[in-house]
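# Reading the structure
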Amino acid sequence: MLIELKKINKVYQSGAVPFQALKEVDLSVKEGEIIAVCGRSGAGKSTLLHIIGCIDTFDSGSYLLDGDNVKNLRDKELSKIRNRTMGFVMQDFALVPKFSVFENIAIPLYLGNISMRKIQNAVKMAAAEVGLLELLNKKANQLSGGQKQRVAIARAIVNNPRIILADEPTGALDASTAREIINLLKEQNEKGITVIIVTHDNLVAAACQRVIEIGDGRILSDNK
């Protein structure tokens, strides 16, 4: 099993009253699945995604990633997982506006000890996959929403991750552009990459093999 969560609880202590974002969540994900995680705002979807992506911690329960207990990993090991095993795609694109398309795609590679020649080759390959080769020198703040999300996907795949985690990747896009982004994510899944998408979009959910619904911090349904 690639991802195995058991009895995961997450409580946020900000404010006078603690808020329990996840309650006794069990979730198993096989390699190569494409999954939509649906639910209302505040249901716990993004918290779940952040825990899977080793961005956020959990208070109790266990998380095995490819058989390794995430709770036992050091910060350096978690950073390596985030950089090499995971690719992240966010709703607001999370690009550096003054960076070029090339520079934004290359960010995960700059964090490793990689030669510029290898960086250039990897960025061009990722850009070609999402149809951005001709825009590599353009600044991120000159792009359309759809182009920005393509850059975000290219950045997510440039390190050849095993898992892509996407948080509302079509939320800021029109229907036509959203379909293009869904197809790009499906193409990555067809190559064997595990894709987990948090979404409110029925089009996204319909494109996934498996749909998980979360409500009030709990998994309400799972059509695996």
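What this report covers is the structure whose coordinates are included nearby. (Residues numbered from 1 in each chain as written. Predicted model: local features only at pLDDT ≥ 70, side-chain atom pairs only at ≥ 80, totals over all residues. Heavy atoms only, no water.)

### Some details on the overall build of the chain
Spelled out, the test is: Helix numbers and strand numbers start at the N terminus; a helix is a DSSP run of H or I with at least 4 residues, a strand a run of E with at least 2. The cut-offs for exposure are 20% and 50% of the maximum accessible area for each residue type, with area from a 1.4 Å probe on protein chains only; residues under the lower value are buried, those over the upper are exposed, and the others partly exposed. Residues are treated as being in contact if the distance between any of their heavy atoms lies within 4.5 Å.
When helices and strands are counted, the chain shows seven helices and 10 strands. Along the first, second and third principal axes, the C-alpha atoms of the chain reach 45 × 40 × 40 Å. Here the chain holds 224 residues, and the buried ones make up 49% of them. A separation threshold of at least 6 residues defines the contact pool for the chain, and within that pool the share at least 24 residues apart is 70%.

### A few points about the pairing of strand E8 (residues 194-198)
Within a regular strand, side chains alternate between the sheet's two faces. Quick reminder of the rule: Two strands pair if DSSP finds at least two bridges between them. Every crossover in which the path from the first strand over the helix to the second runs clockwise, viewed with the strands pointing away from the viewer, is termed right-handed.
Burial analysis of E8 places five of its five residues in the buried class, which makes it a mostly covered element. Burial of E8 is two-sided: the residues Thr194, Ile196 and Val198 facing one way and the residues Val195 and Ile197 facing the other way are all buried. Pairing geometry for strand E3 (residues 34-38) and E8, over four bridges, is parallel. Paired with Val37 across the two strands is Val198, which belongs to E8. Taken together, the five bridges between strand E7 (residues 163-167) and E8 define a ladder with parallel strand orientation. Considered in E8, the bridge of Ile163 is made with Thr194. Crossover connection from E7 via helix H6 (residues 175-190) to parallel E8: handedness right-handed.

### A short note on the sheet that holds strand E6 (residues 86-90)
Definition in use: Structural elements are reduced to axes, namely lines fitted to C-alpha atoms, with helices fitted over the stretch in contact, and the angle between N-to-C directions of any two is expressed from 0 to 180 degrees.
Taken together, the six strands give an open sheet; going across it, the order is E6-E7-E8-E3-E9-E10, and neighbouring strands pair in mixed fashion. What marks the edges here is a single partner per strand, and that holds for E6 and strand E10 (218-222). Each neighbouring strand pair of the sheet contributes to a mean axis angle of 20 degrees, computed without reference to strand direction. With five bridges connecting them, E6 and E7 associate as parallel partners. If you follow Phe88 over to E7, its bridge partner there is Leu165. Against the sheet, helix H1 (residues 45-52) makes contact with E3, E6, E7, E8 and strand E9 (210-215), and its axis sits at roughly 155 degrees relative to E7, the strand it touches most. Contacts from helix H5 (residues 145-157) reach E6 and E7 within the one sheet, and its direction differs from that of E6 by about 170 degrees.

### A short note on the packing of H5 against H6
Helix-helix packing is characterised by the crossing angle of the two axes and by the distance between the axes. Rules: The cut-offs work like this: below 35 degrees is roughly parallel, past 145 is roughly antiparallel, 65 to 115 is roughly perpendicular, and the gaps in between are oblique. Put simply, Ala, Val, Leu, Ile, Met, Phe, Trp, Tyr, Cys and Pro go in the nonpolar bin, Asp, Glu, Lys and Arg in the charged bin, and everything else, Gly too, in the polar bin.
At a closest axis distance of 10 Å, the pairing of H5 and H6 adopts a crossing angle of 10 degrees. It follows from the interaxial angle that H5 and H6 lie roughly parallel. Taken together, the residues of H6 that come into contact with H5 (itself represented by Gly146, Gln149, Arg150, Ile153 and Ile157) are Thr177, Glu180, Ile181, Leu184, Leu185 and Gln188. Its residues assigned to classes, the contact of H5 with H6 shows five nonpolar, four polar and two charged.

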